[in-house]
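# Observations on the model geometry
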Amino acid sequence: MKEGDGMKKIYLICTCAILIGILIDCNFQNSKSENNIDTSEYMKKIWILNSTSKDEKMKNIFFILNDADKNITGQFFSSNDLKNDDIVIEDSRCIGDFTGKLKDNILQCPLKKQNDVYGTIKMRFIQKDKVEVLVSDLNKKHETRMSTGKFEFVPYKLKDIRIGRQSNKIEKSLWLKKWGSINFVTWVFTTSKKHSNILMYLSDKDGNVLYKFNKKYGFPESYFVKEFSFQDLNDDENEELILILGSMDTSNKEAGDGPYVALIFLQLDNGVFEWMEKIDKKLNNSDGEMHNESVKQVTEYIKLIC
């Protein structure tokens, strides 16, 4: 072998080794980036079955996800309200919870109900608005809750809520300690039977529903949100929601002229808002002096009684 040929051979071997090293490094980097998705994109949203699915049992199912000590936790719920394009988590039935660690963009863990393992779920996080869920190993006694198979879930959006005709809509961007940057959205819906009621939500910038405000006995009929404010009323660093509702009855006056109704929702440490029934009775049943016509009246009255 000539000396020149030997040098060429060594050069080719070295070049190939460098190229292989570069390819291995590139593959490692790609694999590493694929395994590190931003889980915050999936948290707090309400995930519902893709409307293209024909599985009748799973159409009533939705789930939520939360971060917890480097794990992902979640709960599956069943709600008949999904048939009416509306969800109230507090009124829905929890049918299972799960906890696990994310590996290769996949969460695989047992599905439990009161520590009773009755199935396995495997979630693949495809993109921020799509999660693929494989349900398997369901116990026979729990097959009535869910179906086995692979299903695609998408975020529940404001545009999915199609109840009656909308009016008196308010949408405002704000920041809450427990929720971060969100939108407060409210409107009045009127059904074909002329019944009018209030809907209120927290959503993200993409219109994904994060929370629905719910009140025992429902909101008063034929009222709308005239004024609102989020303020910390009890010094726990969580902002309460103060609402002033105006009447839609225009028979003898302008809409919103009264009578008024003041409502307060206390925000708990988990971000849930709880209607303060006892305080609201005092606000709206005063002895001659009104405390429900403005947010300012409400806050001043709260300072006096608390």
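Residues numbered from 1 in each chain as written. Predicted model: local features only at pLDDT ≥ 70, side-chain atom pairs only at ≥ 80, totals over all residues. Heavy atoms only, no water.

## Points about the overall build of the protein
Put simply, the test is: Numbering goes from the N terminus for both helices and strands, where a helix is a DSSP run of H or I of at least four residues and a strand is a run of E of at least two. Type-normalised accessible area, obtained with a 1.4 Å probe on protein chains alone, sets the label of each residue: buried when under 20%, exposed when over 50%, and partly exposed for intermediate values. Per-residue and other accessible areas were derived by the Shrake-Rupley procedure at a 1.4 Å probe size, with only the shown protein chains allowed to occlude residues.
On a plain count of helices and strands, the protein comes out with three helices and 17 strands. Sorting the 306 residues of the protein into buried and exposed places 43% on the buried side. Accessible area for the protein stands at about 17,700 Å²; split by element, carbon and sulfur atoms hold 50% of it.

## Quick word on the environment of Leu 210
The condition that has to hold: Contacts: residue pairs with any heavy atoms within 4.5 Å of one another.
Relative to the helices and strands, Leu 210 is located in strand S13 (residues 209–212). A relative accessible area of 9% places Leu 210 in the buried class. Once residues within four sequence positions are removed from consideration, Leu 210 is found in contact with Lys 44, Lys 45, Ile 46, Trp 179, Ile 182, Leu 202, Ser 203 and Asp 204.

## Remarks on the sheet that holds strand S14 (residues 223–231)
Keep this limit in mind: At least two bridges found by DSSP between two strands are what make those strands a pair. Axes here mean lines fitted to C-alpha atoms, for a helix over just the part in contact, with angles spanning 0 to 180 degrees between N-to-C directions.
Strand order in the open sheet formed by four strands is S14-S15-S16-S17, with antiparallel pairing between adjacent strands. What marks the edges here is a single partner per strand, and that holds for S14 and strand S17 (273–275). Taking the axes of each pair of neighbouring strands and ignoring which way they run, one obtains an average angle of 25° across the sheet. Two strands pair when backbone bridges link them, and S14 and strand S15 (residues 240–247) are joined in this way by eight bridges, in the antiparallel orientation. Paired with Ser 229 across the two strands is Ile 242, which belongs to S15. Here helix H2 (residues 277–284) sits on the sheet and contacts strand S16 (261–267) and S17; the angle it forms with S16, its principal contact strand, is near 155°.

## Topic: the environment of Asp 280
On the secondary structure map, Asp 280 appears in helix H2. On the basis of relative accessibility, which here comes to 3%, the residue Asp 280 falls in the buried class. Distance in space between the C-alpha atoms of Asp 280 and Phe 265 is 9.5 Å, their sequence separation being 15 residues. Setting aside chain neighbours within four positions, we find Asp 280 in contact with Ala 262, Leu 263, Ile 264 and Trp 275.

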